[in-house]
Amino acid sequence: NYNTNIRIIIRTITSGLSEDDYHKNDIFISKSSARINENQYEPILLSRPKFKQSIDIDSRNFKTSKLSLKVSNLDYHGKIFTDFLSYNSLIGKEVHIWMDTQSTIDADTSFKIYSGYITRFKHDKLECDIEVEDFVTKNSYYYNYRYVK
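Residues numbered from 1 in each chain as written. Predicted model: local features only at pLDDT ≥ 70, side-chain atom pairs only at ≥ 80, totals over all residues. Heavy atoms only, no water.

Chemist: Any chance you could explain the sheet that holds strand β12 (residues 127-134) here in plain terms?
Modeler: Each strand in a sheet pairs with another by means of backbone hydrogen bonds, the pair being arranged parallel or else antiparallel. Across the sheet, 6 strands lie side by side as β2-β1-β10-β11-β12-β7; this open sheet has antiparallel pairing. Two strands lie at the open edges of the sheet, namely β2 (27-30) and β7 (66-72), each paired on one side alone. This sheet shows a mean twist of 35° between the axes of neighbouring strands, independent of strand direction. The pairing of β7 with β12 spans 7 bridges and is classified as antiparallel. The residue bridging leucine 69 from the neighbouring strand is isoleucine 130, located in β12. (Pairing = 2+ DSSP bridges. Helix = DSSP H or I, 4+ residues; strand = E, 2+ residues; numbered from the N terminus. Axes fitted to C-alpha atoms, helices over the stretch in contact; angles between N-to-C directions.)

Here is the structure:
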């Protein structure tokens, strides 16, 4: 639907902060310009991210939900996007994706549709490709799954 907007928050610091608190270096980007809860979202997202997840209960397999974000490497708060990032590595940073409808007025009227961590970042002069993996996949590395007969 063309009346929706996709907003993305890249959390640069999460230690000691609640989900509703933000750090001055957090990155707010979107498909179209938006101002939500005092945060200005810059319209540098070049395309809507696509993702899916599947679980096969019979074979006890699940496919991870990865997505790729295409971001313009041009103006972000008066700097080239990658110049803005020069002091912070994005690898391992949290990403939260929200969907807004035409009636969205604040974060409480928006829908969180994805949360994950950045696993890869590459760029050229015009575009940045940011690969994100969901929280479940990252956290599953720490669990010992056992098959029970």
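Chemist: Where do I start with the packing of aromatic side chains in this structure?
Modeler: Centre distance and the angle of the planes are the two values used to describe a pair of aromatic rings. Under the criterion given, the structure shown has 2 aromatic pairs. Between phenylalanine 28 and tyrosine 41, the aromatic rings sit 5.2 Å apart at their centres with planes inclined by 85°, giving edge-to-face as the arrangement. On the criterion of sequence distance, the pair formed by phenylalanine 28 in strand β2 and tyrosine 41 in strand β4 (residues 39-41) is long-range, its members being 13 residues apart. The exposure class of phenylalanine 28 is buried, given its relative accessible area of 7%. Taking 5.5 Å as the distance between ring centres and 85° as the angle between the ring planes, the aromatic pair formed by tyrosine 76 and phenylalanine 81 counts as edge-to-face. Classification of tyrosine 76 as buried rests on a relative accessible area of 0%. (Phe/Tyr/Trp six-rings, centres within 6.5 Å; stacked < 30°, edge-to-face > 60°. Buried < 20%, exposed > 50% of the residue type's maximum accessible area, 1.4 Å probe, protein only.)

Chemist: Sorry if this is basic, but what is going on with unusual backbone geometry here?
Modeler: In terms of backbone geometry, most residues other than glycine have negative phi values and most peptide bonds are trans. A positive phi angle is found at glutamate 38, which is not glycine, with a value near 70°. Turning to its location among the elements, glutamate 38 is positioned in the loop between β3 (34-36) and β4. Relative accessible area serves as the criterion here: at 65%, glutamate 38 is assigned to the exposed category.

Chemist: Help me understand a nonpolar patch on the surface, please; the structure alone is not making it clear to me.
Modeler: On the surface, a cluster of nonpolar side chains totalling about 250 Å² of accessible area is made up of Phe51, Phe111 and Ile113. The residue phenylalanine 51 is located in the loop between β4 and β5 (54-56) in this model. Residue phenylalanine 51 is classed as partly exposed on the basis of its relative accessible area of 32%. (Patch = residues over 30% accessible without salt bridge, like charges linked within 9 Å, V, L, I, M, F, W, Y side chains within 5 Å. Areas by Shrake-Rupley, 256 points an atom, 1.4 Å probe, with all protein chains shown as cover. Salt bridge = Lys/Arg side-chain N within 4 Å of Asp/Glu carboxyl O.)

Chemist: Please clarify how the nonpolar core should be interpreted in this entry.
Modeler: Core analysis: the largest hydrophobic core is formed by 21 residues, its most contacted members being Ile8, Leu69, Val71, Phe81 and Ile130. Looking at this core, the elements with two or more residues in it are β1 (5-11), β2, β7, β10 (94-100), β11 (111-123) and β12. Other than its neighbours up to four places away in sequence, valine 71 contacts Ile29, Ile44, Leu45, Leu46, Phe81, Leu126, Glu127, Cys128 and Ile130. Ranked by size, the runner-up nonpolar core spans 6 residues in total, among them Ile9, Ala34, Ile36 and Trp98. (Core = buried A, V, L, I, M, F, W, Y, C linked by side-chain atoms within 4.5 Å. Contact = heavy atoms within 4.5 Å.)

Chemist: Mind showing me how you'd approach the pairing of β1 here?
Modeler: Consecutive residues of a regular strand have side chains that alternate between opposite faces of the sheet. Taken across its 7 residues, β1 has 7 buried, putting it largely inside the fold. In the sheet, β1 pairs with β10 via 7 bridges, with the strands oriented antiparallel. Along β10, the bridge assignment pairs isoleucine 8 with isoleucine 97. Pairing of β1 with β2, which is carried by 4 bridges, proceeds in the antiparallel orientation. The residue of β2 that forms the bridge with isoleucine 10 is isoleucine 27.

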